[in-house]
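# Fold and geometry: a report
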Amino acid sequence: MALELEGKIIRKLMVQKGTSARGEWAKQEFVIEFQEGNFPSQACFSVWGEDKLKELDKYQLGDKVKVSFNISSREYNNKWYTDLRAWRIETETPQQQDMPPQAPPPAVADEPLSEDDLPF
């Protein structure tokens with residue numbers, strides 16, 4: 001299941017590296033703040049692999065982004081851990097349909113109206 005969330009990057013955590021049975025790995029977590037109802041909420045995402053770390057490095061604190069991610073959970077010692085794994089990060093851009101249509105400005109007459117110009 002792929003989901004998307006738009007918000008502002010408020011924190012980038014340190015890069016974590018290690019070695020597993022599959023080889024070396026690298027991950028970094030980052031937090032975005034998003035509006036949910038009347039109050040701001042926060043979510044912590046992770047990116048895995050050098051290519052994703054480079055992609056995240058392009059963004060600074062305060063940048064507005066759209067994050068595409070998957071949710072996964074796993075059990076370890078009778079406790080459950082949930083991971084929001086980002087697979088794409090994009091600059092947030094307002095969509096045209098979200099913006100209200102703009103009315104043309106009212107016409108301004110160069111000369112004052114006379115009684116003959118009135119429509120009634």
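Note that the structure is a prediction, hence the values are computed from the model and not measured. (Residues numbered from 1 in each chain as written. Predicted model: local features only at pLDDT ≥ 70, side-chain atom pairs only at ≥ 80, totals over all residues. Heavy atoms only, no water.)

## Comments concerning the overall build of the protein
- In terms of helices and strands, the protein carries 1 helix and 6 strands.
- In the protein, the succession of helices and strands from N to C terminus is β-β-β-β-α-β-β.
- Per-residue burial over the protein gives 24% buried out of 120 residues.
- In the protein, of all internal contacts separated by at least 6 residues, the share reaching a separation of at least 24 is 51%. (Helix = DSSP H or I, 4+ residues; strand = E, 2+ residues; numbered from the N terminus. Buried < 20%, exposed > 50% of the residue type's maximum accessible area, 1.4 Å probe, protein only. Contact = heavy atoms within 4.5 Å.)

## Describing the packing of aromatic side chains
- Overall, the coordinates contain 3 aromatic pairs when judged by the stated rule.
- Taking the centre distance of 5.6 Å and the plane angle of 25 degrees together, the rings of Phe30 and Phe45 count as stacked. With Phe30 in strand β3 (residues 23-36) and Phe45 in strand β4 (residues 39-48), this pair connects stretches of sequence that are 15 residues apart.
- Here the aromatic cluster, defined as three or more aromatic residues joined through ring pairs, consists of Phe30, Phe45 and Phe69. (Phe/Tyr/Trp six-rings, centres within 6.5 Å; stacked < 30°, edge-to-face > 60°.)

## Considering the pattern of salt bridges
- Going through the model one piece at a time under the given rule, you end up with 5 salt bridges.
- Close ionic contact of Lys27 with Glu29 constitutes a salt bridge, the shortest N to O distance being 3.6 Å. There is no split in this pair, since Lys27 and Glu29 are both buried.
- Taking the shortest distance from any N to any O, the salt bridge between Asp83 and Arg85 comes out at 3.3 Å.
- By relative accessible area, which is 11% here, Asp83 ends up buried.
- A relative accessible area of 39% means that Arg85 is categorised as partly exposed.
- What emerges from the salt-bridge pattern is a single network uniting Lys66, Arg88 and Glu90. (Salt bridge = Lys/Arg side-chain N within 4 Å of Asp/Glu carboxyl O.)

## With respect to the pairing of β3
- Where strand β1 (residues 2-12) and β3 come together, 4 bridges link them in antiparallel fashion. Within β3, the position partnered with Lys12 by the bridge is Phe30.
- As judged from the 5 bridges shared by strand β2 (residues 16-20) and β3, these two strands associate in the antiparallel manner. Each bridged residue has a counterpart across the sheet, and for Ser20 the counterpart in β3 is Gly23.
- With 10 bridges joining them, β3 and β4 adopt antiparallel strand pairing. Following the sheet pairing, Val31 is matched in β4 by Cys44.
- Once β3 ends, the chain turns through 2 residues before running back antiparallel as β4, passing Gly37 with a positive phi of about 70 degrees. (Pairing = 2+ DSSP bridges.)

## Remarks on the nonpolar core
- If you look at the biggest cluster of nonpolar residues, it comprises 18 residues, and the most contacted ones within it are Phe30, Ile32, Phe45 and Val67.
- At the level of elements, β1, β3, β4, α1 (50-57), β5 (64-76) and β6 (79-91) are the ones that each hand at least two residues to this core.
- The greatest single-element share of this core, amounting to 4 residues, is contributed by β3.
- For Phe30, the residues in contact, after removing those within four places along its chain, are Arg11, Lys12, Leu13, Ala43, Cys44, Phe45, Val47, Leu56, Val67, Ala86 and Ile89. (Core = buried A, V, L, I, M, F, W, Y, C linked by side-chain atoms within 4.5 Å.)

Keep in mind these numbers describe shape, not what the thing actually does.
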